[in-house]
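Given next are the chains, with one letter for each unit.
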Amino acid sequence: ISVTWCPYCIYAHGALKALYEENQNFYYVTLVSDKNKKASDRQIEYNVYGIPAIWWDGGYKVNIGASSVDSAKGVYQKSISSSSKREVKDVDIELSCFWFCGTNMKINVNVTNYESSTYNGTIRVFITEKVSSRGWKDKAGQLYTFPFLDWAFNEVISIPAGDSWSNSVTWDGISKGYPTVTANNTMIIAAVFNDVKYKGYSDPPYGNPFDAYYVDKTIATEAVENNLPNTPTITGQTSGKINIVYNYNTDRKSTRLN
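Residues numbered from 1 in each chain as written. Predicted model: local features only at pLDDT ≥ 70, side-chain atom pairs only at ≥ 80, totals over all residues. Heavy atoms only, no water.

(A) Main features of the packing of aromatic side chains. Taken as a whole and assessed by the stated rule, the structure comprises 19 aromatic pairs. Seen from their ring centres, Trp 136 and Tyr 178 are 6.4 Å apart, and the 75° between their planes marks the pair as edge-to-face. With a gap of 42 residues between them, Trp 136 in the loop between β5 (119-129) and β6 (148-159) and Tyr 178 in the loop between β7 (164-172) and β8 (186-194) connect regions that are remote in the sequence. Tyr 178 shares its class with Trp 136; the two are buried. Clustering of aromatic rings is evident, with ring pairs tying together Tyr 20, Phe 26, Tyr 27, Tyr 28, Trp 56, Tyr 76 and Phe 146. Of note, Arg 42 hangs over the ring of Phe 193, and the distance from its end group to the ring centre comes to 5.6 Å. Directly above the ring of Phe 193 sits Arg 124, whose terminal nitrogen or CZ lies 4.7 Å from the centroid. (Phe/Tyr/Trp six-rings, centres within 6.5 Å; stacked < 30°, edge-to-face > 60°. Helix = DSSP H or I, 4+ residues; strand = E, 2+ residues; numbered from the N terminus. Buried < 20%, exposed > 50% of the residue type's maximum accessible area, 1.4 Å probe, protein only. Lys NZ or Arg CZ within 6 Å of the ring centre and 35° of its normal.)

What follows is the structure, encoded as structure tokens:
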């Protein structure tokens, strides 16, 4: 969670950005709650105590505040390491995003349950930008990275053992109020949250309790432009007779027609 006017959020933002660029094997979504109503609604679910606030793996670890980029990096690295060692359910996600004309994209998601019993949880697919195209900046004037724009999916799922859940959605930036989105700046991040409820605290160790649902799988993908091929140029005879072979040339390959 971050807001544009927060003087301490700049350290949290800087630390997350640095760790991501150092390939720390994690994804993050920035909920800029003073710019996005859906981001603000999401923070309410975590019973937020202070800003900046980071909930790792759905609340398995919680870090509040930041005093410098270096100190925040050290704290976050410990949370990443701890989260990576947690036992998770055997589920997998396939995710793709195809960009069409304008600001239209199609997002496909498939969740497979490899457990021996039914998997119950929530699939959340976040539409984000690599760097904010809306001019959302932290207090230091840095454009936010991976700011949350909208949900592609945010719904409860129940998958029988050995089965899959699949869905797709077409999302248009202009109609959603984000006309500046582009294919090369879009990042889609999907996470499956288990439905087992734990007690989390947004003011560790015991303050501001919330219902924590841990993450079993996370994946991300960039948008792929789905461009139609250009119309070929065809040269050759424009009239002919039956059972006569004619040669035609295109800008792609030669063709023979009878």
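Read on for the rest.
(B) Highlighting the pattern of salt bridges. Tallied over the entire structure, the rule returns 8 salt bridges. Glu 22 is the partner of Lys 73 in a salt bridge, and the nearest nitrogen-oxygen pair spans 2.7 Å. Here Lys 73 is found in helix α3 (residues 69-84), whereas its partner Glu 22 is found in the loop between α1 (9-21) and α2 (37-45), with 51 residues between them in sequence. For Lys 73, a relative accessible area of 16% puts it in the buried group. A salt bridge links Lys 217 to Asp 92, with the nearest nitrogen and oxygen atoms 3.7 Å apart. Taken as a pair, Lys 217 in strand β11 (residues 215-222) and Asp 92 in strand β3 (residues 91-99) lie far apart in primary sequence, 125 residues in all. By relative accessible area, Lys 217 is classed as partly exposed at 29%. Residue classification places Asp 92 among the partly exposed residues on the basis of a relative accessible area of 29%. (Salt bridge = Lys/Arg side-chain N within 4 Å of Asp/Glu carboxyl O.)

(C) Structural detail: the sheet that holds β6. Strands sit in the order β6-β5-β8-β11 across an open sheet of 4 strands; the sheet is antiparallel. Strand pairing shows two members of the sheet lacking a second neighbour, β6 and β11, which therefore form its edges. Strand-to-strand twist across the sheet, computed as the mean angle between neighbouring axes with direction ignored, equals 15°. Bridge count between β8 and β11: 7 bridges; the pairing is antiparallel. (Pairing = 2+ DSSP bridges. Axes fitted to C-alpha atoms, helices over the stretch in contact; angles between N-to-C directions.)

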